[in-house]
Amino acid sequence: MPSSVKRADIEGKWAFYLRIADNIGGVLKTLIKYGSLALIFYWISSAIQALAGKYTFADIGVKFLAQLSISQSISYATGAGGVLYGMRERKLRRDKTEYLANRNRELEERLDPKRSSSRLTGRGTTRKEDRE
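Note that residues are indexed from 1 along each chain, following the sequence as it is written. Where totals are concerned, whole chains, interfaces and linings use all residues; where local detail is concerned, this predicted model gives features only for residues with pLDDT of at least 70, and gives and counts side-chain atom pairs only at 80 or more. Where side-chain values are given, they derive from all heavy atoms of the structure, hydrogens and water being excluded.

**Observations concerning the overall build of the protein**
Stated formally: Here a helix means four or more residues in a row that DSSP labels H or I, a strand means two or more in a row labelled E, and each is numbered from the N terminus. Each residue is assigned to one of three classes by its accessible area relative to the maximum for its type, calculated with a 1.4 Å probe on protein chains only: buried under 20%, partly exposed between the two thresholds, exposed over 50%. For accessible areas, the Shrake-Rupley method is used with a probe of radius 1.4 Å. Any residue's cover is judged against the shown protein chains and nothing else.
Within the protein, the regular secondary structure consists of four helices and zero strands. The linear arrangement of helices and strands in the protein, starting from the amino end, is α-α-α-α. Each of the 132 residues in the protein was classed as buried or not, and the buried ones make up 2%. As displayed, the protein offers around 12200 Å² of accessible surface, 63% of which is attributable to carbon and sulfur atoms.

**Re the packing of aromatic side chains**
Filter applied, for reference: Only rings of Phe, Tyr and Trp enter the pairing, Trp through its six-membered ring, and a pair is recorded when the two centres are within 6.5 Å. The plane angle decides the type: under 30 degrees is stacked, over 60 is edge-to-face, the rest tilted.
Enumeration according to the criterion identifies two aromatic pairs in this entry. Ring geometry for Trp14 versus Tyr17: centroids 5.7 Å apart, planes at 70°, classification edge-to-face. On the criterion of helical spacing, the pair formed by Trp14 and Tyr17 is a turn pair, its members being three residues apart in helix α1 (residues 2-51). Given the relative accessible area of 53%, Trp14 is considered exposed.

**Here we look at the confidence of the model for the protein**
As a note on interpretation, predicted positions should not be read in detail where pLDDT is low. To keep things clear, this is the line we draw: pLDDT: the predictor's confidence for each residue, scored from 0 to 100.
Across the protein, pLDDT averages 81, with 83% of residues at or above 70. Put simply, helix α2 (residues 57-67) is where the protein has its lowest mean pLDDT, 67, and helix α3 (residues 70-111) is where it has its highest, 88.

**So, a nonpolar patch on the surface**
Here is the rule: Here a patch means residues that are over 30% exposed by relative accessible area and free of salt bridges, tied together within 9 Å if like-charged and within 5 Å if nonpolar (Val, Leu, Ile, Met, Phe, Trp, Tyr). Here, a salt bridge means any Lys or Arg side-chain nitrogen found within 4 Å of an Asp or Glu carboxyl oxygen.
Together, Ile10, Trp14, Phe16, Tyr17, Ile20, Ile24, Val27, Leu28, Leu31 and Ile32 make up a nonpolar patch on the protein surface, roughly 1000 Å² of accessible area in all. Residue position: Ile10 is located in helix α1. Here Ile10 falls in the partly exposed class, since its relative accessible area comes to 49%.

**Let's talk about the pattern of salt bridges**
Think of it this way: side chains of opposite charge can pair up when their charged atoms draw near. The final tally for this structure, using the stated rule, is one salt bridge. The salt bridge partner of Lys91 is Asp95, with a shortest N-O separation of 2.7 Å. Of this pair, Lys91 and Asp95 are both found in helix α3, four residues apart, which corresponds to roughly one turn of the helix.

Put into structure tokens, the structure is as follows:
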């Protein structure tokens, strides 16, 4: 029985240390998250203060946005977001195609080393020579 008592004491001790480490990690995570956010707002405010009273492209942008209605602003923002989303998805699709094409080519070469290629690019796009 003494060995089981020692084991329970050791497990309880380590459980306590793990709880402390977990709590410290949670506090650090929160500090990093909100500290970074505060730092970003500080940098933005200092940039705005540096531009105060000066005629810049930001002034032109503010005047342009002031002329837009809320529905127009929302529609422009939604359109721009859709374009950015589409561009990102296209890049991800081509990256995945390249990964799978290379993997497929290696497996096909193992089966038949004399196999000819379809001569597509690794990303699944048409070669420059074929576009002309």
